[in-house]
Amino acid sequence: MTVSAGAPGKIILFGEHAVVYGRPAIAVPVTQVRATVVIQDRPAGLSIHAADLNRRYQYSDLDSSHPLAAIIRLSLSALGAAATPDASLTITSSIPPASGLGSGAAVSTAIVRALAKYYQRDLPAQTVSDLVFEVEKIHHGTPSGIDNTVIAFGQPVFFVRGQTLQTFEVPVAFRIVIADTGIASPTKVAVGDVRKGWEADPARYDALFDRCGEIAATARALIETGQPHALGRLMIENQAVLRHMGVSCDELDRLVQAAVNAGALGAKLSGGGRGGNMIALVTDETRAGVEQALLNAGAKRVFSTIVGGQLLANG
Ligand code: PMV
């Protein structure tokens, strides 16, 4: 038997970091990048092939805290599998790691879905999300849960930690350009530094988090009513708040400025920051110029995604 399943990447449009502290954030799936997992029957235990990294593991040799071992163990237990399958599990991904596009959560989600298919079971998106969240804790330390939620549900989400998921309508589709600084930046480090800042000066950081939360709430209303110009201005303001939080960097600032100078309606970092990806809101008229300006300003890779319209809910 051979089964395969996948999961998209994601971007955070508004509210990263503040979401860890209970403020709302908005994230959307990015279907142009994807993690894919293929499981094939093979004798002699469960082998894992991380094809992009050119690494092979035997499941039984992995430490139980390894993220791949953890998601497989959690999935097998949720699926009620009596024993480890005799199979090979091959992972490929076009989502760059440690860049704010949800690579870890997408790989975990694809593994859960592929194992569910292997056992001919349908797991609800919430169950998939909950399993992936357990592994996000290994990757991130204190994740808010936004990555696993947006990727497992495959829809735009208005996310508040610990609350029932809210999805929302995007009646007027809009285009986001995504540009990679090329700097790998583990989310755990940026999240840890924000925590240190908050512990040292809680009043200042709480005010920054509050503003991010207000921006996310206003942004949702603007998306629901199709007001891209005002949405762009909020992205620029969110970026300023993130700079004050200490999670931007020279390269991100340079790309944000280049996008705005080239006519983007707004631009900001997306995800953990200190590197990784930035996003810019563009129109059909400004898209090509913004993409070129980002490359000229040092972006390593640029692509775009449309938010709204038809989005994939599953694998
Ligand atoms: O995985 P990233 O880099 O997109 O970052 C996740 C967003 C944070 O708010 C920084 C952390 C979190 O757990 O929500």
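Residues numbered from 1 in each chain as written. Predicted model: local features only at pLDDT ≥ 70, side-chain atom pairs only at ≥ 80, totals over all residues. Heavy atoms only, no water.

**Q** What is the right way to read the pattern of salt bridges from this model?
**A** Working definition: two side chains of opposite charge can pair if their charged atoms are close together. In total, this model carries 13 salt bridges according to the counting rule given. For K268, the salt bridge goes to E16, with nearest N and O atoms at 2.9 Å. In this pair, K268 sits in strand β9 (residues 266-269) while E16 sits in the loop between β1 (2-14) and β2 (25-41), placing the two residues 252 residues apart along the sequence. The residues K268 and E16 share a single accessibility class, namely buried. For D193, the salt bridge identified is with R274, shortest N-O distance 2.8 Å. Pair noted here: D193 is in helix α5 (residues 187-200) and R274 is in the loop between β9 and β10 (277-282), with a separation of 81 residues, a long-range link. (Salt bridge = Lys/Arg side-chain N within 4 Å of Asp/Glu carboxyl O. Helix = DSSP H or I, 4+ residues; strand = E, 2+ residues; numbered from the N terminus. Buried < 20%, exposed > 50% of the residue type's maximum accessible area, 1.4 Å probe, protein only.)

**Q** Help me understand the sheet that holds strand β11 (residues 301-307) in this model?
**A** Read across the sheet, four strands follow the order β9-β10-β8-β11 without closing on themselves; strand pairing throughout is antiparallel. Strand pairing shows two members of the sheet lacking a second neighbour, β9 and β11, which therefore form its edges. Going across the sheet, the axis of each strand differs from the next one's by a mean of 20°, ignoring polarity. Two strands pair when backbone bridges link them, and β9 and β10 are joined in this way by four bridges, in the antiparallel orientation. Looking at the pairing, K268 lines up with I279 of β10. Helix α7 (residues 228-245) rests against β8 (174-180), β9 and β10 of the sheet, and its axis sits at about 30° to β9. Where helix α9 (residues 287-296) meets the sheet, its contacts fall on β8, β10 and β11, and the angle it forms with β11 comes to roughly 145°. (Pairing = 2+ DSSP bridges. Axes fitted to C-alpha atoms, helices over the stretch in contact; angles between N-to-C directions. Contact = heavy atoms within 4.5 Å.)

**Q** Would you take a moment to explain the packing of helix α6 (residues 202-224) against α7 for this structure?
**A** Helix-helix packing is described using two parameters, namely the angle between the two axes and the distance between the axes. Viewed as axis vectors pointing N to C, α6 and α7 meet at an angle of 165°, and their least axial separation amounts to 10 Å. By the angle between their directions, the pair α6 and α7 is classed as roughly antiparallel. Two packed elements cross with a definite hand, and for α6 against α7 that hand is left-handed. Every residue of α7 that contacts α6 at R204, Y205, L208, F209, R211, C212, I215, T218, A219, L222 and I223 is listed here: A230, L231, L234, E237, N238, V241, H244 and M245. Grouping the amino acids of the contact of α6 with α7 by side-chain chemistry returns 13 nonpolar, three polar and three charged. (Parallel < 35°, antiparallel > 145°, perpendicular 65-115°, else oblique. Left-handed = near helix turned anticlockwise from the far one by under 90°. Nonpolar A, V, L, I, M, F, W, Y, C, P; charged D, E, K, R; others polar.)

**Q** Any chance you could explain the site of the ligand here in plain terms?
**A** Within the structure, the ligand sits among 16 residues, and K10, H17, S144, T187 and G272 are positioned closest to it. In the environment of the ligand, an oxygen atom lies 2.5 Å from a nitrogen or oxygen atom belonging to the side chain of S144. Separating an oxygen atom of the ligand from a side-chain N or O atom of T187 is a distance of 2.8 Å. With the chains in place, 97% of the 370 Å² that the ligand exposes on its own is no longer accessible. Of all the cavities here, the one that holds the ligand is the largest pocket. Where the shell around the ligand is concerned, the elements lending two or more residues are β1, α4 (146-153) and α5. Of the residues contributing to the shell around the ligand, the split by class is six nonpolar, seven polar and three charged. (Near = heavy atom within 4 Å. Polar contact = N/O pair within 3.5 Å; in protein donor to acceptor, adjacent residues only side chain to side chain. Areas by Shrake-Rupley, 256 points an atom, 1.4 Å probe, with all protein chains shown as cover. 1 Å grid on protein atoms, 1.4 Å probe; cavity = no way out; pocket = protein on both sides within 12 Å on 5 of 7 lines; lining within 4 Å. Sits in = over half its atoms within 2 Å of the grid points.)

**Q** Even after reading the chapter, I still don't get the pairing of β8, so can you show me in this structure?
**A** Consecutive residues of a regular strand have side chains that alternate between opposite faces of the sheet. Counting buried positions along β8 gives seven out of seven residues, so the element sits mostly inside the fold. Of the two faces of β8, both are covered, the one formed by F174, I176, I178 and D180 as well as the one formed by R175, V177 and A179. Direction of pairing for β8 relative to β11: antiparallel, over a ladder of seven bridges. Each residue of the ladder has a partner; that of F174, found in β11, is V307. Alignment of β8 against β10, held across six bridges, turns out to be antiparallel. The partner of I178 across the bridge, within β10, is I279.

**Q** Would you explain the layout of surface pockets in this entry?
**A** Gaps between atoms show up when a probe of the same size as a water molecule is rolled over them. What the largest pocket holds in volume is close to 990 Å³. Looking at the lining of the largest pocket, the elements with two or more residues in it are β1, β4 (55-58), α1 (67-78), β5 (87-93), α2 (103-118), α3 (125-140), α4 and α5. For the lining of the largest pocket, the leading source of residues is α2, giving six residues. Of the residues belonging to the lining of the largest pocket, the class tally is 23 nonpolar, 18 polar and seven charged. (Points joined across faces, edges and corners; volume = space filled by probe spheres on them.)

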